[in-house]
There are 2 protein chains.
Amino acid sequence: MRLQQSQLKTPSRIPSDPLQRAWVALGRVSQAIQCHVESALKDAGFPELSWYTVLWELERAGKPTRPKDLAIPLFILPYQLSRLVDRMQSEGLVKRIQCEEDKRGHMLEPTAKGFALRKAMWAVYAPAMDEAMKRIDDKEALKLADLLNKLGGIEHTDCSDKG
Amino acid sequence: MRLQQSQLKTPSRIPSDPLQRAWVALGRVSQAIQCHVESALKDAGFPELSWYTVLWELERAGKPTRPKDLAIPLFILPYQLSRLVDRMQSEGLVKRIQCEEDKRGHMLEPTAKGFALRKAMWAVYAPAMDEAMKRIDDKEALKLADLLNKLGGIEHTDCSDKG
DNA sequence: CTGAGATTGTTGCAATCGCAACGAAACCTC
DNA sequence: GAGGTTTCGTTGCGATTGCAACAATCTCAG
């Protein structure tokens with residue numbers, strides 16, 4: 001989760017100007033874009049993006065899934081997920097199913113209402129994402145994704161996240 | 001602040017696969033990197049990055065500054081800044097100075113303690129940023145910054161944000 | 001089998017957040 | 001200069017968050 005701190009060999013390096021530029025741009029732009037999509041969802045009366053992501057991840061798994069198996073890909077802490085599921089469950093969007101193999105935990109499964117909500121949210125989410133990203137073309141988007149994935153230490157793969 | 005919603009001509013476009021890839025990468029990577037730096041600061045016993053940013057912006061201005069003039073570049077809501085300043089003031093890091101020209105507001109100014117803290121934080125912040133971004137080289141960083149700024153609708157300028 | 005230790009998930013509490021409402025001063029129009 | 005509107009900044013309140021502590025179960029060496 002957390003990247004490693006520099007070792008003896010690298011005594012407190014100051015980031016180069018290009019790195020600082022990239023850092024600043026990354027912070028500002030990701031915030032702006034994220035905010036744009038969140039606002040679109042909220043304006044449409046939908047819950048926040050994390051709800052969508054949980055529903056989508058469950059749907060994508062195609063079978064009841066343990067919280068711990070969700071937490072890692074979602075890059076979210078266990079207690080955060082626990083409470084997120086609390087709220088979603090109280091809205092009738094997911095179910096907690098007794099888990100036989102491991103009685104500590106349980107399986108998560110979206111309800112019909114959960115499926116429906118995810119689909120409805122996508123109808124707002126997709127255009128909002130498209131609108132937020134329209135300033136770059138497909139070629140630039142691929143280049144951007146590659147650079148970001150390299151930055152994040154993720155090799156170029158073909159797993160797509162489309163809904 | 002909020003980007004414009006699509007018009008009649010563009011009926012609910014679905015983002016292309018490259019755009020979706022870029023979107024996903026942007027979310028994941030910016031979160032990971034941000035998290036890495038925040039952890040480094042916390043582990044060193046320092047407050048969160050937003051405190052640094054406020055102090056830095058004030059220092060960069062070089063003169064007492066109105067909250068509203070800070071809120072825009074910081075991309076933060078007025079009430080968020082108001083409470084952030086409350087906390088920072090109660091730690092003796094900034095002062096609110098009576099503003100003569102406009103009696104609704106006030107000026108913000110870092111204290112000596114504020115200056116010192118920002119400098120101390122940079123000693124942790126800089127290496128953490130460098131560590132988090134070391135997977136890309138300067139050339140890639142510039143390309144990344146350009147793409148991000150284009151995505152965010154910011155033209156390439158020479159204003160640097162280095163501390 | 002047994003007890004130490006790791007894993008899974010939840011919860012009490014205090015801190016922080018978003019929202020909407022607010023007070024006060026500035027601005028603007030007639 | 002009176003009255004309506006806008007801007008600046010704050011605040012009450014309920015929802016959400018992070019942290020550390022926790023219970024329950026699983027794992028596994030001896």
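Look up: the structure comes first, before these words.
Residues numbered from 1 in each chain as written. Chains lettered and ligands numbered in written order. Predicted model: local features only at pLDDT ≥ 70, side-chain atom pairs only at ≥ 80, totals over all residues. Heavy atoms only, no water.

Notes on the protein's contact with DNA strand C
Put simply, the rule reads: Residue proximity to a molecule or strand is established when one non-hydrogen atom of the residue lies within 4 Å of it. Here a polar contact is recorded for every N or O atom pair within 3.5 Å, except that within protein the pair must consist of a potential hydrogen donor and a potential acceptor, and residues adjacent in sequence are included only if both atoms are side-chain atoms. Only DSSP runs of H or I with at least four residues qualify as helices, and only runs of E with at least two residues qualify as strands; both kinds are numbered from the N terminus onward. All amino acids are sorted into three groups, where Ala, Val, Leu, Ile, Met, Phe, Trp, Tyr, Cys and Pro are nonpolar, Asp, Glu, Lys and Arg are charged, and the leftover types, Gly among them, are polar.
Neighbouring residues of DNA strand C: 20 residues in total, closest K42, R96 and R104 of chain A together with Q80 and R87 of chain B. Near the protein, within 4 Å, the atoms of DNA strand C are sugar or phosphate in 64% of cases. Note that a phosphate oxygen of DNA strand C is positioned 2.2 Å from one of the side-chain N or O atoms of K42 of chain A. The side chain of S82 of chain A places a nitrogen or oxygen atom 2.8 Å from a phosphate oxygen of DNA strand C. Of all the secondary-structure elements, those providing two or more residues to the surface near DNA strand C are helix 3 (67–74) and helix 4 (78–90) of chain A together with helix 4 (78–90) of chain B. A breakdown of the residues in the surface near DNA strand C according to their chemical character gives four nonpolar, four polar and twelve charged.

So, the protein's contact with DNA strand D
Contacts to DNA strand D come from 20 residues, most closely from Y79 and Q80 of chain A together with K42, R96 and R104 of chain B. Sugar and phosphate atoms represent 64% of those atoms of DNA strand D found within 4 Å of the protein. Within the side chain of Q80 of chain A, an N or O atom sits 2.2 Å from a phosphate oxygen of DNA strand D. Separating a phosphate oxygen of DNA strand D from a side-chain N or O atom of R87 of chain A is a distance of 2.8 Å. Contributing elements (two or more residues each) for the surface near DNA strand D: helix 4 of chain A together with helix 3 (67–74) and helix 4 of chain B. Of the residues in the surface near DNA strand D, the class split is four nonpolar, four polar and twelve charged.

A short note on the relation of the copies chain A and chain B
This is how it is decided: Least-squares superposition aligns the copies on the C-alpha atoms of those residues with pLDDT at or above 70 in both. Should any heavy atoms of two residues lie within 4.5 Å, those residues are considered in contact.
Its rotation angle being 180 degrees, the transformation that places chain A on chain B also includes 0.0 Å of axial translation and leaves an RMSD of 0.0 Å. The symmetry that links the two subunits is that of a two-fold axis. Mapped onto chain B, 100% of the interface residues of chain A again fall at the interface, so both copies present the same surface.

Regarding the nonpolar core
Stated precisely, the cut-off is as follows: The nonpolar core is taken to be a set of buried Ala, Val, Leu, Ile, Met, Phe, Trp, Tyr and Cys residues, with the residues joined through side-chain atoms within 4.5 Å. Each residue is assigned to one of three classes by its accessible area relative to the maximum for its type, calculated with a 1.4 Å probe on protein chains only: buried under 20%, partly exposed between the two thresholds, exposed over 50%.
Judged by nonpolar contacts, the single largest core of 89 residues is most densely connected at Y125, M133 and L144 of chain A together with Y125, M133 and L144 of chain B. Contacts of M133 of chain B, omitting those with residues within four sequence positions, involve L19, A22, W23 and L151 of chain A together with I33 of chain B.

Examining unusual backbone geometry
Look at F75 of chain A: it is not a glycine, yet its phi comes out positive at around 60 degrees. The topology assignment puts F75 of chain A in the loop between helix 3 and helix 4.

A few points about the interface of chain A and chain B
The condition is simple: By convention, the term buried area covers the 1.4 Å-probe accessible surface removed from two parts as they join, with the contributions of both added. In what follows, salt bridge is the name for a side-chain nitrogen of Lys or Arg lying within 4 Å of a carboxyl oxygen of Asp or Glu.
With 67 residues of chain A at the interface, the matching set in chain B holds 67 residues. Where chain A abuts chain B, roughly 7000 Å² becomes buried across the two surfaces, and 67% of that area is made up of carbon and sulfur atoms. Remark: the boundary between chain A and chain B carries four salt bridges. R13 of chain A is the salt-bridge partner of D130 of chain B, the closest N and O atoms lying 3.0 Å from each other.

So, the pattern of salt bridges
Under the counting rule described, the total for this entry stands at 20 salt bridges over all chains. Beyond isolated ion pairs, a larger network of salt bridges with shared partners links R66, D102 and R104 of chain A.

Section: the packing of helix 6 (residues 138–151) of chain A against helix 6 (residues 138–151) of chain B
Operational definition: Comment: axis = line fitted to C-alpha atoms, over the contacting stretch for helices; angle = value between 0 and 180 degrees taken between N-to-C directions. Any angle that is under 35 degrees is reported as roughly parallel, and any over 145 degrees as roughly antiparallel; angles of 65 to 115 degrees are reported as roughly perpendicular and all others as oblique. Here a crossing is called left-handed whenever its near helix is offset anticlockwise from the far helix by less than a right angle, and right-handed whenever the offset is clockwise.
Contact geometry of helix 6 of chain A with helix 6 of chain B gives a least axis separation of 10 Å together with a crossing angle of 130 degrees. The orientation of helix 6 of chain A with respect to helix 6 of chain B, classified from their angle, is oblique. Between helix 6 of chain A and helix 6 of chain B the crossing geometry is left-handed. Between helix 6 of chain A, through E140, K143, L144, L147, L148, K150 and L151 of chain A, and helix 6 of chain B, the contact on the second element is made entirely by E140, K143, L144, L147, L148, K150 and L151 of chain B. Its residues assigned to classes, the contact of helix 6 of chain A with helix 6 of chain B comprises eight nonpolar, no polar and six charged.

Description of the environment of G105 of chain A
Residue and element names in this part refer to chain A. Relative to the helices and strands, G105 is located in the loop between strand 1 (94–98) and strand 2 (106–110). What makes G105 buried here is its relative accessible area of 19%. Along the backbone, G105 and P67 are 38 residues apart, and their C-alpha atoms lie at a distance of 8.0 Å. Non-local contacts of G105, meaning those with residues more than four positions away in its chain, are made with R66 and C99.

Examining the packing of helix 1 (residues 17–43) of chain A against helix 6 of chain B
Their axes nearest at 8 Å, the elements helix 1 of chain A and helix 6 of chain B cross at an angle of 25 degrees. With respect to their mutual orientation, helix 1 of chain A and helix 6 of chain B come out roughly parallel. Of the two possible hands of crossing, helix 1 of chain A and helix 6 of chain B adopt the one that is left-handed. Contact with helix 1 of chain A, carried on its side by P18, L19, R21, A22, A25, L26, V29 and I33 of chain A, involves D138, A141, L142, L144, A145, L148, N149 and L151 of chain B of helix 6 of chain B and no other residues of that element. The residue makeup of the contact of helix 1 of chain A with helix 6 of chain B, split by class, is 13 nonpolar, one polar and two charged.

Observations concerning the side chain of S16 of chain B
Turning to its location among the elements, S16 of chain B is positioned in the segment before helix 1 (17–43). S16 of chain B gets classed as buried once you look at its relative accessible area, which sits at 18%. Among the polar contacts listed, one links the side chain of S16 of chain B to the side chain of D138 of chain A, at a separation of 2.8 Å. Setting aside residues up to four positions removed in sequence, S16 of chain B forms contacts with D130 and D138 of chain A.

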